[in-house]
Amino acid sequence: MPHFIAEYTDNLDSQADLPGLFAKVHQVLGDSGVFPLAGIRSRAVRLDTWRMADGKHDYAFVHMTLKVGHGRDLPTRQAVAETLFRVITEHFAALQAQRLLALSFEMIELHPQLNFKQNNVHAFLSNQAG
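Residues numbered from 1 in each chain as written. Predicted model: local features only at pLDDT ≥ 70, side-chain atom pairs only at ≥ 80, totals over all residues. Heavy atoms only, no water.

Looking at an unreviewed UniProt entry, the protein carries the name 5-carboxymethyl-2-hydroxymuconate isomerase, with the source organism given as Pseudomonas gessardii.

What follows is the structure in structure tokens.
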């Protein structure tokens, strides 16, 4: 953990630069000292069927979620979320100046007993460093 998920409208395919956003997100999360690098994952979900507002204009949106494991206090989570939302809004600022674009972001803390994982990437990265 964490997992960053961006759901985006299909009319943003050529404009959103989601790989660029993901690079920034991974940098922020990795530099935060809060999350292990091996657990950071990002993915995009393209929405081909959607409607926004009155449907009369070329609207677009990106809804982003950061799912994090349990155990970090609220001030820590809030600081990371605020930093990440600044990066998100900066990333989309030029595009939002050109078109109708709604951005939303939420951080979700997963339940400690109902979150299951198996991951060998942590050990791999530790061995690479040594």
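## A word on unusual backbone geometry
In this structure, D17 takes a positive phi of about 45° despite not being glycine. With respect to the helices and strands, D17 occurs in the loop between β1 (3–9) and α1 (18–31). (Helix = DSSP H or I, 4+ residues; strand = E, 2+ residues; numbered from the N terminus.)

## Considerations on the sheet that holds strand β3 (residues 61–68)
The strand order β2-β1-β3-β4 describes an open sheet built from 4 strands, whose pairing is mixed. If you trace the sheet from one side to the other, it starts and ends with β2 (41–47) and β4 (102–109), each paired once. Here the strands of the sheet are splayed against their neighbours by 15° on average, with no regard to which way each runs. With 7 bridges connecting them, β1 and β2 associate as parallel partners. Following the sheet pairing, E7 is matched in β2 by V45. Contacts from α1 reach β1, β2 and β3, with the element oriented near 150° to β2. (Pairing = 2+ DSSP bridges. Axes fitted to C-alpha atoms, helices over the stretch in contact; angles between N-to-C directions. Contact = heavy atoms within 4.5 Å.)

## A short note on α1
For α1, spanning 14 residues, the distance from its first C-alpha to its last is 20 Å, which sits close to the expected 20 Å at 1.5 Å a residue. Those residues of α1 not exposed but buried are L18, G20, L21, F22, V25, V28 and L29. Elements in contact with the buried residues of α1: β1, β2, β3 and α2 (74–98). For α1, the capping residue at the N-terminal end is D17, with a side-chain oxygen 3.0 Å from the backbone nitrogen of G20. Residue G33 follows α1 closely and has a positive phi angle near 75°. (Expected span 1.5 Å × (residues − 1). Buried < 20%, exposed > 50% of the residue type's maximum accessible area, 1.4 Å probe, protein only. Polar contact = N/O pair within 3.5 Å; in protein donor to acceptor, adjacent residues only side chain to side chain.)

## A closer look at the pattern of salt bridges
Across all of its chains, the model carries 5 salt bridges by this definition. With a closest N to O distance of 2.4 Å, R46 and D48 form a salt bridge. The exposure class of R46 is partly exposed, given its relative accessible area of 40%. (Salt bridge = Lys/Arg side-chain N within 4 Å of Asp/Glu carboxyl O.)

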